[in-house]
Each structure stands twice: as structure tokens, then as C-alpha cells.
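Structural description and commentary
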Amino acid sequence: AHNHSRRPFAALALCFMLLCGALAAQRALSPAEARSPAAPAPPAAAAPRREVAVTFVQFPGYSYDARIVSNQVRRLLRSLKENDVRAVGFVNEASLYRDGAEHEARVAALRDWVAAGHELGNETAHHANLYDTPVEAFEAEVLSGDRLLSKLAAERGQKVRYFSYPYLNTGPTPEAKAAVEKFLRGRGY
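The structure reproduced in this document is the subject of the present report. If you're wondering where the values come from, they're calculated on a predicted model, not measured in any experiment. (Residues numbered from 1 in each chain as written. Predicted model: local features only at pLDDT ≥ 70, side-chain atom pairs only at ≥ 80, totals over all residues. Heavy atoms only, no water.)

Time to look at unusual backbone geometry. One can expect most non-glycine residues to show negative phi and most peptide bonds to be in trans. Between phenylalanine 59 and the following residue, proline 60, the backbone shows a cis peptide bond with an omega angle of 10°. Here proline 60 lies in the loop between β1 (55–56) and α3 (66–82). Its identity as a non-glycine residue notwithstanding, threonine 124 has a phi of 70°, on the positive side. Structurally, the position occupied by threonine 124 is in the loop between β5 (119–122) and α5 (135–144). For threonine 124, a relative accessible area of 0% corresponds to the buried category. (Helix = DSSP H or I, 4+ residues; strand = E, 2+ residues; numbered from the N terminus. Buried < 20%, exposed > 50% of the residue type's maximum accessible area, 1.4 Å probe, protein only.)

Okay, structure coming up:
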């Protein structure tokens, strides 16, 4: 049982190390170094701005142990701050409740996340798979997945802007995909 509680943290640490490696590689290949020595330097305004989206899915993790949740999120926030990284944590809102009540440690972790300048994203209430869920039911999952998240974001003057399809499944048919995309745009995602 003890090893099981470390698995999500190990996965988070691995993802963070990969992210740091990607950022280091991106910085190492600046536009000046990427062109040939004989090529004239382009105007400074012409250099493209490069950005990397940093996201965490099923945030804030799997544990319901308050100490584990708090420690994992605190370490992650410290690492993100040290590396000047802003991120989006995608949440399945149902994971914020235990026995019908808000799970204080998980909700507190999200408050800390937003207070640190990061954003929350919706991943449906129950991590619904659009391939197995009718469009109307999927849309209801999106709405249910945004109730507490919107409240937490609003406490810091933010709104939930991002949506992540669970399993990256965007629909079994082009019609289903188009219907959900229209719904999401209408909700401001």
C-alpha cells in the first residue's frame, strides 16, 4: 500500500523532468544559433515567440490522504515557481468530493494552485469518454465538471478557459465532434 501512494508522485516527477529537459533544449537552440554563421541576423521583432503548454491531467492526483495531497502540490508549485513556469491543472470535479462532501485537502490544493497564478481546466466531472457517452450526456458532464472549478477560479478573478477531452477522444463521428466543439465554444472554452 505504501508503494501505491508514491506512484502518482513518481509519474508527476518524471513528467516534470521531461518538461525541464524540453525547456532546456528549447533554450539551447535559440534562433541565432540555429541559422548558419553567414546568414544575416533577422530583425529582433521578426523572431517568433515560442511557447510550451504545461498541463497536468486528473489534477491534483489520486490520493485522498490530506498530507500526501498537500505535500505533492506544494512540491510541484515550488518547482514550477523555481522554473518560472505557468501551468493548467485539468480536474475531474467528482474527484473533489468524498462521501458527498467537498474533500478539504483536494479543494485547498486547487486554491493554492490558483493563488500561485496557475489555471484550472475542466476534464468533465467523471472523466467521461465521448466515444462511450452520448453527446447530450457528455455535455452534462462538462457542465457538472465546471461548478466548483468556476467558483475556485472566480475567487482569484479568473475563469475556466480550457477543456481537455478525457482519453483525448473527440468523438466517435464527425457530427458528434462538431456538436461538442460548438457546445464548448458556446461555454467559452
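Here the narrative resumes.
Turning next to helix α7 (residues 174–186). With 13 residues, α7 ought to run about 18 Å at 1.5 Å a step, and its terminal C-alpha atoms sit 18 Å apart, in line with that. Buried positions along α7 lie against α5 and β6 (162–163). (Expected span 1.5 Å × (residues − 1). Contact = heavy atoms within 4.5 Å.)

Judged by which residues are buried, β5 turns out to be covered on both faces: Glu119 and Gly121 on one side and Leu120 and Asn122 on the other are all buried. Relative to β5, strand β2 (residues 88–91) is paired through four bridges, and the arrangement is parallel. Directly across from phenylalanine 90, in β5, lies its bridge partner glycine 121. Bridging between β5 and β6 involves two bridges; their strand directions are parallel. Bridge pairing in β6 places asparagine 122 opposite phenylalanine 163. (Pairing = 2+ DSSP bridges.)

Further remarks concern the pattern of salt bridges. For the coordinates displayed, the defined rule picks out five salt bridges. Residues arginine 187 and aspartate 146 are paired through a salt bridge, measuring 3.9 Å at the closest nitrogen-oxygen approach. A residue pair is termed long-range when its members are at least 10 positions apart, and arginine 187 in the segment after α7 and aspartate 146 in the loop between α5 and α6 (147–154) qualify at 41 residues. Arginine 187 sits in the partly exposed class, given a relative accessible area of 39%. (Salt bridge = Lys/Arg side-chain N within 4 Å of Asp/Glu carboxyl O.)

Aromatic ring pairs are described here by two measures, namely the spacing of the ring centres and the angle between the planes. Scanning all chains against the criterion turns up seven aromatic pairs. Look at phenylalanine 56 and tryptophan 113: their rings are 6.0 Å apart centre to centre, the planes differ by 90°, and that puts the pair in the edge-to-face class. Linking phenylalanine 56 in strand β1 with tryptophan 113 in helix α4 (residues 104–115), this pair joins segments that are 57 residues apart in sequence. Take phenylalanine 56 and tryptophan 113: they sit in the same class, and that class is buried. The rings of Phe138, Phe163, Tyr165 and Tyr189 are connected pair by pair, giving a single aromatic cluster. (Phe/Tyr/Trp six-rings, centres within 6.5 Å; stacked < 30°, edge-to-face > 60°.)

Let us now look at the nonpolar core. In terms of nonpolar packing, the biggest core is built from 35 residues, with Phe56, Phe59, Leu110, Trp113, Leu120, Phe138 and Leu184 touching the most fellow members. Those elements that provide at least two residues to this core are α3, α4, α5, α6 and α7. Discounting residues that sit within four places of it in the chain, phenylalanine 138 has contacts with Thr124, Ala128, Asn129, Leu130, Thr133, Phe163, Tyr165, Pro166 and Val180. (Core = buried A, V, L, I, M, F, W, Y, C linked by side-chain atoms within 4.5 Å.)

Okay, the sheet that holds β2 next. Sheet strands line up and pair through hydrogen bonds in the backbone, either parallel or antiparallel. One open sheet holds the four strands; their spatial order is β1-β2-β5-β6, and the pairing between them is parallel. Here the strands that pair on one side only, and so sit at the sheet edges, are β1 and β6. In the sheet, β1 pairs with β2 via two bridges, with the strands oriented parallel. What sits directly across from phenylalanine 56, in β2, is glycine 89.

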